[in-house]
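Observations on the model geometry
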Amino acid sequence: MDRIRLTAAQATVRWLAAQQVEVDGARVPYFAGAWAIFGHGNVAGLGEALYAHRDVLPTLRAHNEQGMAHAAVAYAKQMRRQRAMVCTSSIGPGATNMVTAAAVAHVNRLPVLFLPGDVYASRRPDPVLQQVENFADGTVSANDCFRPVSRYFDRIMRPEQILDALPKAMAVLRDPAACGPATLAFCQDVQAEAFDYPVEFFAPRFWPTRRPPPDAAELDALVAAIRTAKRPLLVAGGGVLYSLAEGELAALADATGLPVAETQAGKGGLPWDHPRNLGSIGVTGSSAANAAAQSADVVVGLGTRLQDFTTGSRSLFPDARLFQVNLQPFDAHKHGAVPVVGDAHVVLAALRERLAGWHVAQGVQDIDAGELSRWNANVQAATAGAADMRLPSDAQVIGAVQASVGDDAVVVCAAGGLPGELHKLWRCARPGGYHLEYGYSCMGYEIAGALGVKLAQPDRQVVVMVGDGSYLMMNSELSTSVMLGLNLVVVVLDNRGFGCINRLQHATGGAGFNNLLADSAHETLPAIDFAAHARSLGADAEHVGTLGELRAALGRARAADRTHVVVIDTDPRKTTEAGGWWWDVAVPEVSARAEVNEARRAYEAGARMKRDLS
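Residues numbered from 1 in each chain as written. Predicted model: local features only at pLDDT ≥ 70, side-chain atom pairs only at ≥ 80, totals over all residues. Heavy atoms only, no water.

Another aspect to go through is helix α18 (residues 445-456). The terminal C-alpha atoms of α18 lie 16 Å apart, and with 12 residues this matches the ideal 16 Å at 1.5 Å per residue to within 8%. Of all 12 residues in α18, 11 are buried, a share of seventy percent or more. Of all the residues in α18, the buried ones are Y445, E446, I447, A448, G449, A450, L451, G452, V453, K454 and A456. (Helix = DSSP H or I, 4+ residues; strand = E, 2+ residues; numbered from the N terminus. Expected span 1.5 Å × (residues − 1). Buried < 20%, exposed > 50% of the residue type's maximum accessible area, 1.4 Å probe, protein only.)

Now for the packing of aromatic side chains. What the rule picks out here adds up to 10 aromatic pairs. Note on W15 and F201: the rings are 5.9 Å apart at their centroids and 20° apart in plane angle, and the pair reads as stacked. Of the two residues, W15 is situated in helix α1 (residues 8-17) and F201 in the loop between β10 (194-198) and β11 (205-206); the sequence distance between them amounts to 186 residues. Residue W15 is classed as buried on the basis of its relative accessible area, which comes to 3%. For F201, a relative accessible area of 14% corresponds to the buried category. A ring pair is formed by F195 and Y197, whose centres lie 5.0 Å apart and whose planes are at 70°; its orientation type is edge-to-face. Three or more aromatic residues joined by ring pairs make a cluster, and in this case those are W15, F195, Y197, F201 and F202. In this structure, R54 packs its charged tip against the face of Y51, placed 3.9 Å from the ring centre. (Phe/Tyr/Trp six-rings, centres within 6.5 Å; stacked < 30°, edge-to-face > 60°. Lys NZ or Arg CZ within 6 Å of the ring centre and 35° of its normal.)

If you trace the 6 strands from one edge of the open sheet to the other, you get β5-β4-β6-β7-β9-β8, paired in parallel fashion. Edge positions in the sheet fall to β5 (59-60) and β8 (152-156), since each of these pairs with one other strand and no more. Those strands touched by helix α3 (residues 65-78) are β4 (31-36), β6 (84-89) and β7 (113-118), and its axis lies near 165° from that of β6. (Pairing = 2+ DSSP bridges. Contact = heavy atoms within 4.5 Å. Axes fitted to C-alpha atoms, helices over the stretch in contact; angles between N-to-C directions.)

With that settled, the discussion passes to the pattern of salt bridges. Tallied over the entire structure, the rule returns 23 salt bridges. The closest approach of N and O atoms between D144 and R155, which form a salt bridge, is 3.0 Å. Taken together, the residues span a long stretch of sequence, with D144 in the loop between β7 and β8 and R155 in strand β8 at a distance of 11 residues. For the residue pair D144 and R155, the accessibility class agrees, reading buried in each case. For R210, the salt bridge is made with D175, and the minimal N-O distance between the two is 2.8 Å. A residue pair is termed long-range when its members are at least 10 positions apart, and R210 in the loop between β11 and α8 (216-228) and D175 in the loop between α6 (162-174) and β9 (182-187) qualify at 35 residues. Under the relative-accessibility criterion, R210 is labelled partly exposed at 43%. Look at the salt bridges and you will find they share partners, linking D118, D144, R147 and R155 into a network. (Salt bridge = Lys/Arg side-chain N within 4 Å of Asp/Glu carboxyl O.)

So, about helix α24 (residues 594-607). Across its 14 residues, α24 extends 20 Å between first and last C-alpha, which sits within 8% of the 20 Å expected from 1.5 Å per residue. Turning to α24, its buried residues number three or more, namely V596, A599, R600, Y603 and G606. The buried residues of α24 occupy an angular sector of 120° when projected down its axis, which confines them to one face. Summarising the geometry of α24, the exposed residues directed more than 90 degrees from the buried face are A594, E598 and R601. In this fold, the buried residues of α24 make contact with α21 (499-507). (Arc of directions from axis to C-beta.)

All we've got here are geometric facts, nothing functional implied.
Dropping the structure here:
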């Protein structure tokens, strides 16, 4: 057997560059590139190896390890899990900065390969700079923080271990059910150690996309339930998009009249104006979708985790028989659902064939159409605003942005009040046009995530909508976007604090406290000039005062040759009243505040709606 002598880091990078997949009929490298911030724990090992392979595995530099990892997560999401990226950092804070992004990938079932540097396997210089020491366990390092947020974890302590660890990590990244982040904590001395590796280990390897079919009996049960249902409802989750099943979903809805509601991750699986698309569901749902859910006798989840926003904290489907179509048995069995374990694309195609000739009753379709018409009127009312209006609502800003971009644009958001408003109000015309990270709802994801979106689809306009709170948590990747020539449109909605949680605080009977800047401990309220700050990072930026000025600025932003930031002040109290549903946010049983006691009574009434799984 022919062998080649390489360091463990050189061998790792060479192997990563040789992994291939098929996208749109062409074979391409699975790893589109590596994000790296170098330190003493990876610069001499992985840094040297990445430099030598920079033509086949491009290396990108960011300003914050969490930010670059968010970009990698967003890239995988926008590529619908077909391709992924690598993230490497030094040991210590560089590594733990990536843990939050690893959790984002884990919750959202997205593939990212993390290669954080680690302590010395030899332990010769212990404690090395930045090493975390456990008084009771000499095997622990800071990278053990990755264990609960990785689908696969290993620590590379000998150079030959990558022969086993890399294929195992890749198998998890490509597994449609187990998909999520993989972490190989790479001891820094081992990165530089050499080994005689088999040459065949570096041969190009093709990883096909697997589409597991459902069990015949499980599919039979689902078909029978739909055929006998009077009021069925499909709930499209992220699995529809990850399995590239939007065409099958549309064909099934067209053929049968089955109504479809969308989760945050599933939005865009049907065009917003498809006649059987009832819009968003759940806590941030449309009135049309939630009305259908309330009267449904059969609800079919399609590739959804059934998190509490989707199910109204288990209160939204009171009388329905619940089926769960999912590749992951863990998800398929949630909430007492009847499981259908299989790929969404395969299941939807099978349903269209098995339901041939069957239709939802015309009367039911007419009811849905009436609800949808009323909801669309509510959307129009919520998003409209006069050109001279100051301090608009989030919804009115959304309306101005929507009117200023084309159907091909991608909106990116993650946290605060905006995700709820966007879920209700944004009209997504094609898959990939709605990029919300709402599984972990990670503040600071927005701008960094937009880098990954733009890398995945450079020909689409990428529009970031971000509140001032999230902007202040992580904005440094604005400079990275300028450096890489990835022009973004960034709309900063400044409500002077954490407006969303302020509203929730009041809704649960609390006093305004520690959310808006004015309600927080302060000697002087900060006068933050977000436009000046964005310009200092290299972006074009401007502050506007009215909706009319916002629309004009968005036109300039779309035509700009670099990232363009538009800042507008908004009203922290206004939110869209139409639609929505109850959400289980526990209110104190006793309080000196009468408002809290009143909110507790409302909470207990809402909790009685919850689905009984006993």
